[in-house]
Amino acid sequence: MKHIPQRLALFTKKTEETPMKLETLALHAGYDGDPATHAATTPIYQTTSFTFDDTQHGADLFDLKVAGNIYTRIMNPTQAVLEQRLTEMEGGVGALCVASGMAAITYSIQCLASVGCNIVSTSQLYGGSYNLFAHTFPRQGIDVRFASHDDYAALEAHIDDNTRALFCESIGNPAGNVVDIVTLAEIAHRHGVPLIVDNTVPTPFLCKAFELGADIVIHSLTKYIGGHGTSIGGVIIDSGKFDWAAHAARFPMLNEPDPSYHGVVYTEALGPAAYIGRCRVVPLRNTGAAISPLNAFLIMQGLETLGLRMERHCENAQRVAEHLQRHPQVEWVSYAGLSDSPYHTLCKKITGGKASGILSFGIRGGKAAGAQFIDALQMILRLVNIGDAKSLACHPATTTHRQLGPEELVSAGVREDMVRLSIGIEHVDDIIADIDQALAAAA
Ligand SMILES: Cc1ncc(COP(=O)(O)O)c(C=O)c1O
């Protein structure tokens, strides 16, 4: 069997038409109305399974001779709309939504790497990603080699014949470092390796990672895209640009018959959507971290207003960063939107000068004062998430990054006195007032 319906890969044909703008795609892409009910909003297809017209139809679906839904672990129409919308917003050929950002990262690597392979990653990562790379993948036989995001020579030196991907976060969480995706893509491509970018913090509104050279984009949909702290989800989006067939020795799983899927050769059956198709029919189908239809629906409600929210997140974060910088109790502020930030120049190149809503600062009095500050907050929520419409605060060294030792903390860009703020879309005066009273309480 050489044929997989495009439906399974959600293959998007690029047209010559002028593409709509992101704000419009966020509202309309992927949904032409429900033929059965004419529902204006994407329905929640809250069903495990889909019926067959008759036994022949069922057989044809299983043989992949006709397109259609079978079972929600593999695909669901609500999920399909979200996938199409995100594909068009990032400018790719296909997407796969899964149960969490971590599942997306895991599958994005497992689709390419197996025992004996390695990936190369920047070290400034979200703590969960760092743990997956530093501790879980190595126990499964996939080695992960780290280097600082701006140590290009070290990143390149780590790449060898067994390297399957170069991985980075476009803006690191919580370090706030902006990564030069253009340079990393050049390094990866020199060696026939794809660049995978976790674009969670800037979102496509601030960073069009494919245009900068990325081959695969990941998002935790839990953050800005969902935006309201209701639902966990993740997505893998494929640019369709990486030539897997040209590097057949490095990527046998995409270029040789797959016995687990009717002997299909993904590059032959799906062309530019080979990678994202395999993500669905191998890691997702066989290990099952499917997104629930309800979560896909809720994330779509958030996605509709992403553009407006990102504008306000950036404006508010800029104002708060400038305020903190002037505050006598504040030792340092890390926010790429500040003109004296070491990442300011890259921020202009990679994210159009906008640094998203995450900033961190060190409070005079170190760890103890940091804890007092967090405890004194009255409106800003004490929790470990980011990207919510509401402002959030946390102390990474005792929460998200608490499993990391002192050296790992340094390499992840996390200081012990660091307070991380995820600035929401409340009125900025109220955010600053809460920060000021909490700083006073910690004096
Ligand atoms: C940059 C980044 N990537 C991935 C994740 C993991 O996402 P999830 O919590 O949806 O699994 C997070 C979570 O904080 C994150 O900040």
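Predicted model only: the values in this text are computed from it and were never measured.

### Side note on the overall build of the protein
A tally of regular secondary structure across the protein gives 18 helices and 12 strands. In terms of overall dimensions, the protein is globule-like: its C-alpha atoms have a radius of gyration of 22 Å, near the 22 Å expected for 443 residues. Projected onto its principal axes, the C-alpha coordinates of the protein cover approximately 75 × 55 × 40 Å. For the protein, the residues scored as buried account for 53% of the 443 residues in total.

### Remarks on the nonpolar core
Counting 132 residues, the largest nonpolar core has Leu166, Ala214, Ile236 and Leu359 as the members making the most contacts within it. Looking at this core element by element, the count peaks at seven residues for helix H14 (residues 306-326). Both domains that furnish three or more residues to this core are identified here as domain 1 (6-302) and domain 2 (306-441). Beyond its immediate sequence surroundings of up to four residues, Leu359 is in contact with Gly176, Ala317, Val320, Ala321, Val333, Ser334, Tyr335, Leu421 and Ile423.

### Side note on the site of the ligand
Close to the ligand lie 16 residues; Ser100, Gly101, Met102, Ser220 and Thr222 are nearest. Those elements that provide at least two residues to the shell around the ligand are helix H5 (101-110) and helix H6 (127-139).

### Observations concerning the sheet that holds strand E12 (residues 418-422)
With mixed pairing, the five strands of this open sheet are ordered in space as E8-E9-E12-E11-E10. Of all the strands in the sheet, the pair left with one neighbour each is strand E8 (330-334) and strand E10 (381-382). The sheet contact formed by E8 and strand E9 (residues 358-363) spans four bridges and is antiparallel. Residue pairing across strands places Val333 opposite Phe361, the latter belonging to E9. H14 rests against E8, E9 and E12 of the sheet, and its axis sits at about 150° to E8.

### A look at the confidence of the model for the protein
Averaged over all residues, the pLDDT of the protein is 93; the fraction at 70 or higher stands at 96%. In the predicted structure, residues 1-6 sits below a pLDDT of 50 and forms 20 contacts with residues beyond four places in sequence or in another chain.

### Quick word on the domain arrangement of the protein
Examined at the domain level, the protein breaks down into domain 1 (6-302) and domain 2 (306-441). Look at where the C-alpha atoms of domain 1 and domain 2 centre, and you get two points 29 Å apart. Taken together, the contact between domain 1 and domain 2 spans 36 residues of the former and 35 residues of the latter. Sorting the residues of the side of domain 1 that touches domain 2 by element identifies helix H2 (22-28), H6 and helix H9 (203-206) as the ones contributing at least two each. The class makeup of the residues in the side of domain 1 that touches domain 2 is 18 nonpolar, 15 polar and three charged.

### Concerning the packing of helix H16 (residues 366-376) against helix H18 (residues 428-441)
Relative to each other, H16 and H18 sit at 135°, their axes nearing to 8 Å. Regarding the angle of H16 to H18, the classification is oblique. Like other packed secondary-structure pairs, H16 and H18 cross with a definite hand, here right-handed. Across the interface between the two elements, Gln372, Phe373 and Ala376 of H16 pack against Gln437, Ala438, Leu439 and Ala441 of H18. Looking at the contact of H16 with H18 residue by residue, the classes come out as five nonpolar, two polar and no charged.

### Let's talk about the environment of Ala249
Positionally, Ala249 belongs in the loop between strand E7 (234-238) and helix H10 (252-255). Sequence-wise, Ala249 and Ser148 are 101 residues apart; in three dimensions their C-alpha atoms are separated by 28 Å.

### Focus: helix H8 (residues 181-190)
For H8, every residue scored as buried is listed here: Ile181, Leu184, Ala185, Ile187 and Ala188. Buried positions in H8, seen along its axis, are confined to an arc of 160° and lie on one side of it. Contacts from the buried residues of H8 go to helix H7 (152-158), strand E4 (163-169), strand E5 (195-198) and helix H15 (344-351). Where H8 terminates, the next one or two residues include Gly192, which has phi positive at roughly 70°.

### A look at the environment of Leu96
Relative to the helices and strands, Leu96 resides in strand E1 (residues 94-98). For the pair formed by Leu96 and Leu306, sequence separation is 210 residues and the distance between their alpha carbons is 20 Å. For Leu96, the residues in contact, after removing those within four places along its chain, are Glu83, Val235, Ile236, Ile276, Cys279, Arg280 and Leu284.

Quick notes on the rules
Residues numbered from 1 in each chain as written. Predicted model: local features only at pLDDT ≥ 70, side-chain atom pairs only at ≥ 80, totals over all residues. Helix = DSSP H or I, 4+ residues; strand = E, 2+ residues; numbered from the N terminus. Rg over C-alpha atoms; globule rule 2.2 N^0.38 Å. Buried ≥ 20, exposed ≤ 12 C-beta atoms within 10 Å, placed from the backbone. Core = buried A, V, L, I, M, F, W, Y, C linked by C-beta atoms within 7 Å. Domains from an automatic or database assignment. Contact = placed C-beta atoms within 7 Å. Near = placed C-beta within 6 Å. Pairing = 2+ DSSP bridges. Axes fitted to C-alpha atoms, helices over the stretch in contact; angles between N-to-C directions. pLDDT = per-residue confidence, 0-100. Nonpolar A, V, L, I, M, F, W, Y, C, P; charged D, E, K, R; others polar. Parallel < 35°, antiparallel > 145°, perpendicular 65-115°, else oblique. Left-handed = near helix turned anticlockwise from the far one by under 90°. Arc of directions from axis to C-beta.

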